[in-house]
Structures are given as C-alpha cells and as structure tokens.
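Residue-level structural notes
Spelled out from the first residue to the last, the chains are:
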Amino acid sequence: MMADNGKKDEALDLLLPWYVNGTLDDGERRQVEAYLERSSHARDEVELLGALRQQVKDETIEASPGALGLQRLKRDMKQAAAQPGNFDRMAGKTVTVASFWRPLAVAACLAVVIQAGVMIGVGGFGTPDSGVTTATGGSPAVLQVTFAPDATEQQIRDTLQSAGASIADGPNALGVYRLRLVDAGGTTVDEALATLRASGDVVTFAERN
Amino acid sequence: MTQDDRELLSRMAKGDQSALDAFYRAYEGRVYRFIRSKLNDSFDAADVLNEVMFEVWRNAGRFEGRSSVSTWVLGIAHHKTIDRIRRRKPGESVELDPEMAEEGTPDAAQTLSAAQDAEQVRRCVDQLSEAHRSVVHLAFFEDLPYGEIADIVGCPEGTVKTRMFHAKKALMKCLQGLKEMGLS
C-alpha cells in the first residue's frame with residue numbers, strides 16, 4: 001500500500017507545475033488537491049513552483065523587433081519572390097528584379113562601407129602595442145547598438161573610440177551592430193554602455209548583448 | 001481569437017499581406033519571447049523570428065487545423081531555434097547537467113526565498129538546457145497544458161512532465177547554491 005501511494009505521489013508530483021498554471025483537467029486537478037491536503041511536501045512544492053512561475057512571468061526583456069521586424073520580413077519576401085522561378089503570391093507574376101534589388105544592393109554596400117570605415121578607423125588609430133582589437137579580434141561581443149540613419153562615419157568612429165568599443169558583428173537586417181570592448185582600453189561594459197547612451201544624436205539604441 | 005487567427009492564415013495563403021500584418025502584430029511579441037528564452041541572444045532571436053514568420057507566410061495554406069494556431073506557430077519557432085542552436089559552435093554555453101543537478105537537491109521550503117528573487121531565478125533559468133528552458137517557458141510564461149507543450153516541442157507528454165521535473169530540481173539546486181554563496 002505504501003509502495004502504491006509512493007508511486008502515485010511521484011506521478012502527482014509531475015502534475016504540480018500544471019496545477020500551478022491552472023491547466024489540469026478536472027480529474028487530475030481533484031487528485032492533486034487531495035494530494036495537497038495530505039502532503040506538506042506537495043504544498044511546499046506548489047508554493048515554490050508558484051514563485052518560480054511568477055518570476056518567469058515578470059521577467060523583462062528587450063522589446064521585440066516590432067515594426068522593423070515586419071519591414072524586414074516583407075523585404076525578404078520580396079527577395080524570395082524575385083528568385084528565378086519564384087512568383088509573387090499576391091500578383092501571380094514574376095517580380096522585376098531591378099525594381100527593388102537596386103536600392104537594397106545600394107543599402108547593403110553602404111552598410112559594408114560604413115562598417116569597413118569604422119573598422120579601418122579604429123585599427124588605424126591603434127598602434128601595434130596599443131592592443132586595439134579589430135573586428136576579427138578574440139574578445140566576445142558584449143553590447144548591441146543601432147546608429148542614427150544620418151550619423152556619419154566620423155561620428156560613429158568617434159563614438160566607438162570614446163566608448164572603448166569596436167564592431168564585432170553586424171549590421172543585421174534591423175541595423176543592429178554587436179560591439180566588443182577594446183582589450184587594452186580598460187573600459188567596463190557599464191562604462192561603455194553609459195558612453196554610448198549619452199551619444200544620443202549618433203546612437204539610437206544601446207543595450208547589453 | 002482562434003477562429004480569427006485561422007481566418008488570417010486562410011487569407012495569408014491567398015497572398016493577403018494585410019492579413020500578414022495583423023498576424024505578425026498578434027504573434028510577434030509572443031514568438032520572439034519564446035525564441036529569446038531559448039537563445040539568450042536578442043540578435044539571433046530577431047533573425048529566428050524573421051525565419052519563423054517567413055515560414056508561416058509560405059506555409060499558411062498548409063495549416064490543417066489539427067492544433068491551435070499558436071501551437072503550430074510556436075512549434076515552428078521551436079524547430080527553427082533548435083536549428084540555430086545546432087549551427088552555433090559547440091561549447092558556446094555552459095548548461096546545468098540535470099542528472100548532476102539532482103544530487104543533493106534541497107527541499108522546496110529551503111529554496112523558496114531564493115525563488116522570490118527575480119535576478120537569481122533568471123540566472124538559474126539561463127543555465128538550464130534549451131530543452132528544459134522551453135518547457136519552463138511554455139508552462140510558466142505561456143501557461144500551456146502539458147499536452148500542448150508536447151505538440152510544440154515534438155515529444156511525448158510523459159517526456160514533457162519529466163523535463164519539467166528535472167528542470168525544477170536543477171533550478172532548486174542552483175538557487176540553493178546561490179543562497180549559500182550569499183548571492184540571494
């Protein structure tokens with residue numbers, strides 16, 4: 001009898017998380033409620049699970065991509081529709097490649113030029129002994145930023161240098177760059193983040209990676 | 001809401017981009033949060049979200065209605081995220097071994113105070129394996145029944161229950177460890 005109860009209690013233990021989130025069916029819920037009446041262990045577990053659930057619900061994370069993400073999705077849809085043999089699902093016609101590839105290609109080239117300019121600039125100001133890392137350096141990316149659309153390469157370079165950071169990756173399709181700290185700079189992540197956030201006319205978003 | 005979502009998918013299958021707009025607005029935040037809970041990387045999470053929504057657009061006509069729309073979409077997000085994790089370099093993240101974590105698991109009452117500290121819970125959840133984080137997120141953030149979670153992650157219901165059990169034990173061990181180090 002003891003063994004049967006033990007086995008049954010183990011099975012009921014597995015149901016406790018779903019008792020806490022309120023999704024058990026009536027039969028299972030009644031079994032768990034009877035278990036709770038006779039077991040202080042089960043009551044403690046439920047209290048703990050309730051606290052964990054609340055923390056998971058309350059955790060704040062950065063905003064989702066939102067409208068920018070939808071723009072990116074639609075751009076990718078257009079690109080896919082433009083592939084040879086693919087057809088635009090809306091119109092049922094092949095999309096003219098040049099109609100949207102040209103501005104996208106220009107934008108992509110500009111992004112590469114800006115990124116290369118920043119990387120060259122950072123590397124150019126560093127001496128062999130300075131320990132300044134290029135974008136291919138080894139330290140991990142610790143920050144994410146977006147730059148103002150009208151920020152110049154000079155402004156971006158100055159901002160990164162003052163923050164003690166260099167570009168590690170990006171931009172992705174949302175224009176987000178990942179930054180790493182310059183090894184020899186001695187700057188902490190918090191200090192770099194504060195500097196970037198203070199550059200409101202150049203940096204539009206800065207957050208830990 | 002479910003009927004509305006199915007209607008949106010039906011319109012998307014016919015190429016209606018206004019339906020895609022509405023669908024994206026309805027699900028984007030929820031799907032992003034699920035992906036983010038598994039990846040711990042907002043950069044990658046935004047990429048995977050885009051892949052998920054693209055697949056929803058391309059396959060809207062294939063939705064058969066055997067599950068809810070949200071289960072279908074979160075299932076796509078689950079598999080896309082797994083693909084992304086597999087492409088990452090091995091050893092990029094250190095995760096708790098649930099078997100090891102169960103050795104000397106403290107009582108629930110002992111870890112309750114630590115479980116009320118948001119920062120400590122976040123740190124410990126981050127150390128769970130992807131499979132365990134998924135179940136914790138779907139059960140505690142989405143408040144989904146175990147059967148629906150099983151559909152999303154593609155495993156038997158019993159596996160979902162045991163994953164949650166192991167995840168809870170690992171969290172308790174981690175929280176107790178932080179408590180003993182005076183970090184909570």
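Nothing here was measured: the structure is a model prediction, and the numbers come from that model. (Residues numbered from 1 in each chain as written. Chains lettered and ligands numbered in written order. Predicted model: local features only at pLDDT ≥ 70, side-chain atom pairs only at ≥ 80, totals over all residues.)

A few words on the overall build of chain B. Counting its regular elements, chain B contains 10 helices and zero strands. Sorting the 184 residues of chain B into buried and exposed places 46% on the buried side. Counting only contacts in chain B whose residues sit at least 6 apart along the sequence, the fraction spanning at least 24 positions is 71%. (Helix = DSSP H or I, 4+ residues; strand = E, 2+ residues; numbered from the N terminus. Buried ≥ 20, exposed ≤ 12 C-beta atoms within 10 Å, placed from the backbone. Contact = placed C-beta atoms within 7 Å.)

Tallying secondary structure elements over chain A gives seven helices and four strands in all. For chain A, the succession of helices and strands along the chain, N to C, is α-α-α-α-α-β-α-β-β-α-β. Once local pairs closer than 6 in sequence are excluded, the contacts in chain A between residues at least 24 apart make up 62%.

This part is about the interface of chain A and chain B. Taken together, the contacts link 38 residues of chain A with 43 residues of chain B. Only α1 (2-20), α3 (40-58) and α4 (66-82) of chain A provide two or more residues apiece to the side of chain A that touches chain B. Considering each element in turn, the side of chain A that touches chain B owes the most residues, 12 residues, to α3(A). For the side of chain A that touches chain B, a count of residues per class yields 16 nonpolar, nine polar and 13 charged. (Nonpolar A, V, L, I, M, F, W, Y, C, P; charged D, E, K, R; others polar.)

Three or more residues of helix α7 (residues 118-126) of chain B are buried, namely Gln120(B), Val121(B), Cys124(B) and Val125(B). Axial view of α7(B): buried residues confined to an arc of 130°, hence all on one face. Turning to α7(B), the residues buried within the fold contact α3 of chain A together with α6 (108-115), α8 (130-140) and α10 (157-180) of chain B. (Arc of directions from axis to C-beta.)

Let us look at the sheet that holds strand β1 (residues 143-147) of chain A. All names here are of chain A. The sheet built from four strands is open, its strands ordered β2-β3-β1-β4 with antiparallel pairing. With one partner strand each, in any of the chains shown, β2 (165-169) and β4 (203-208) form the two edges of the open sheet. Within the sheet, the average angular offset between the axes of one strand and its neighbour, ignoring direction, is 35°. (Pairing = 2+ DSSP bridges. Axes fitted to C-alpha atoms, helices over the stretch in contact; angles between N-to-C directions.)

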